[in-house]
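Geometric and topological summary
What follows is each chain in one-letter form.
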Amino acid sequence: MAKRLPAQAYIEGVISGDRSILSRAITLVESKLPRDRKLAEEVLKGCQGSAGKSFRLGITGVPGVGKSTFIDAFGTYLTSMGKRLAVLAVDPSSGITKGSILGDKTRMESLARDPLAFIRPSPASGSLGGVTRATREAILLCEAAGFDYIIVETVGVGQSEIAVHSMVDFFLLLMLAGAGDELQGIKKGIMEMADGIAINKADGENELKARAAKIEYENALHLFQGSKSGWQAQVLTCSALTKAGIPEIAEMTGSYARKMGESGWLAQKRKRQAKTWMHETIGHSLLERFMKDEAVKLALEEIENLVEAGKIPPTVGAANLIDIYLRHVSTEQ
Ligand code: GDP
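The next subject is the site of the ligand. Around the ligand sit 15 residues, and of these K67, T69, R107, D203 and A240 come closest. In the model, an oxygen atom of the ligand is placed 3.3 Å from a nitrogen or oxygen of the S239 side chain. Calculation on the ligand without its partners gives an accessible area of 580 Å², and the protein chains cover 69% of this total. The class makeup of the residues in the shell around the ligand is five nonpolar, six polar and four charged.

Next comes the structure, spelled out in structure tokens:
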């Protein structure tokens, strides 16, 4: 790993928009070494005051729906308007498959060459909790670096959408026409989370099907009406390939930002997200300390065996272990 810098050098580099320092700061927040964590927290604290001005857009959809092609087209449209954007990814599977499948530079060829764009692949960590933490912190750093848009890409299979939904302003779901909901692996819950749906690959023979799907999804979305925000999720069609419909999607996110900004909803949403972030961090760090505790490590296997054998209920096993942990921590102080 590259040599660490003093906290102030990271902070100043990030805030001045220095790409290479930003990359190094993201590497720092991705690190799990306790020494790096302390430095990372100092850097994050120093950047906090300059963050909060970017529009955060989450993008999800099953593999093959066209996420990277879409982000390439959408991102290039934004940079052509002079906007600066960062692309991050949440891909908890990448730790297992060794090497990120998302946010890869080669998958976004135009953006990768675009001086107004910054692309960062998913942190290569196996656990969703770890990837989520690192991505939230990377968002904060990118905001401090002054990007207008931050796109967080995730793959539409499993828990990662919920994590990304909890860190963005607008959640965009990419779908295909005529693939059937089942085939697309899209659960109702994910549609419910969406602030907008884009039916991609609406080109050639697919165009008519895409228009029919638009009506179908609009009807489905009406079932979820009554969002407290007052925002009605919209369904649009687009082609990431021909770029048709891309400006309309940018307009939709812009309209959301304006309306939800004016009503105060966006600020409220961010406050809630910050609180959730803190609560989740408490959960993760307590669990991490608990699992590393020597007294817990000594007793864990025996209590696990008792629980597995049905000799004590799981709740009692958990309570015993927590007692062991608390007793050990209090004697250490
Ligand atoms: P991802 O796995 O969701 O990131 O999907 P990709 O962006 O890698 O796209 C999967 C395939 O669909 C590629 O072969 C793309 O060229 C193709 N593709 C993406 N968007 C479109 C589109 O709008 N129209 C058509 N016809 N093909 C597309």
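The next point concerns the sheet that holds strand 3 (residues 117-119). In space, the seven strands of this open sheet follow the order 3-2-4-1-5-6-7, with parallel pairing throughout. Every other strand in the sheet has two partners, leaving strand 3 and strand 7 (234-237) as the edge strands with one partner each. If you compare each strand with its neighbour and ignore which way they point, the axes differ by 20 degrees on average. Bridge count for strand 1 (residues 55-61) against strand 5 (residues 170-176) is four bridges, and the pairing is parallel. Considered in strand 5, the bridge of I59 is made with L172.

What follows concerns the packing of aromatic side chains. Enumeration over the complete set of coordinates arrives at eight aromatic pairs. Against the face of F147 rests R84, its NZ or CZ located 5.0 Å from the ring centre. The side chain of R272 reaches across the aromatic face of W265, ending 5.0 Å from its centre.

A separate point is the nonpolar core. Judged by nonpolar contacts, the single largest core of 52 residues is most densely connected at L22, L141, C142 and I197. Top element by residues in this core is helix 7 (residues 128-144). It accounts for seven residues. When residues no more than four places from it in sequence are discounted, the contact partners of L141 are V14, L22, A25, I26, V29, V43, L44 and C47.

Our focus in this paragraph is the confidence of the model for the protein. Looking at the protein, the pLDDT average stands at 88 and 89% of residues meet or exceed 70. Here residues 95-100 scores under 50 on pLDDT; set against residues more than four positions off or in separate chains, the count is eight contacts.

Another point: unusual backbone geometry. At K201, a position not held by glycine, the phi torsion is positive, near 65 degrees. Structurally, K201 can be placed in the loop between strand 6 (196-200) and helix 10 (206-222). Given a relative accessible area of 33%, K201 falls into the partly exposed group. Backbone geometry at K243 places phi at a positive 75 degrees, although glycine is not the residue there. Within the fold, K243 resides in the loop between strand 7 and helix 11 (246-263).

What follows concerns the pattern of salt bridges. Under the counting rule described, the total for this entry stands at 14 salt bridges. E218 is the salt-bridge partner of K214, the closest N and O atoms lying 3.1 Å from each other. With K214 and E218 both in helix 10 and four residues apart, the pair spans about one turn of that helix. The exposure class of E218 is partly exposed, given its relative accessible area of 25%. The salt bridge involving K297 is made with E294; its shortest N-O contact spans 3.5 Å.

Rules used in this analysis
- Residues numbered from 1 in each chain as written.
- Predicted model: local features only at pLDDT ≥ 70, side-chain atom pairs only at ≥ 80, totals over all residues.
- Heavy atoms only, no water.
- Near = heavy atom within 4 Å.
- Polar contact = N/O pair within 3.5 Å; in protein donor to acceptor, adjacent residues only side chain to side chain.
- Areas by Shrake-Rupley, 256 points an atom, 1.4 Å probe, with all protein chains shown as cover.
- Nonpolar A, V, L, I, M, F, W, Y, C, P; charged D, E, K, R; others polar.
- Pairing = 2+ DSSP bridges.
- Helix = DSSP H or I, 4+ residues; strand = E, 2+ residues; numbered from the N terminus.
- Axes fitted to C-alpha atoms, helices over the stretch in contact; angles between N-to-C directions.
- Phe/Tyr/Trp six-rings, centres within 6.5 Å; stacked < 30°, edge-to-face > 60°.
- Lys NZ or Arg CZ within 6 Å of the ring centre and 35° of its normal.
- Core = buried A, V, L, I, M, F, W, Y, C linked by side-chain atoms within 4.5 Å.
- Buried < 20%, exposed > 50% of the residue type's maximum accessible area, 1.4 Å probe, protein only.
- Contact = heavy atoms within 4.5 Å.
- pLDDT = per-residue confidence, 0-100.
- Salt bridge = Lys/Arg side-chain N within 4 Å of Asp/Glu carboxyl O.

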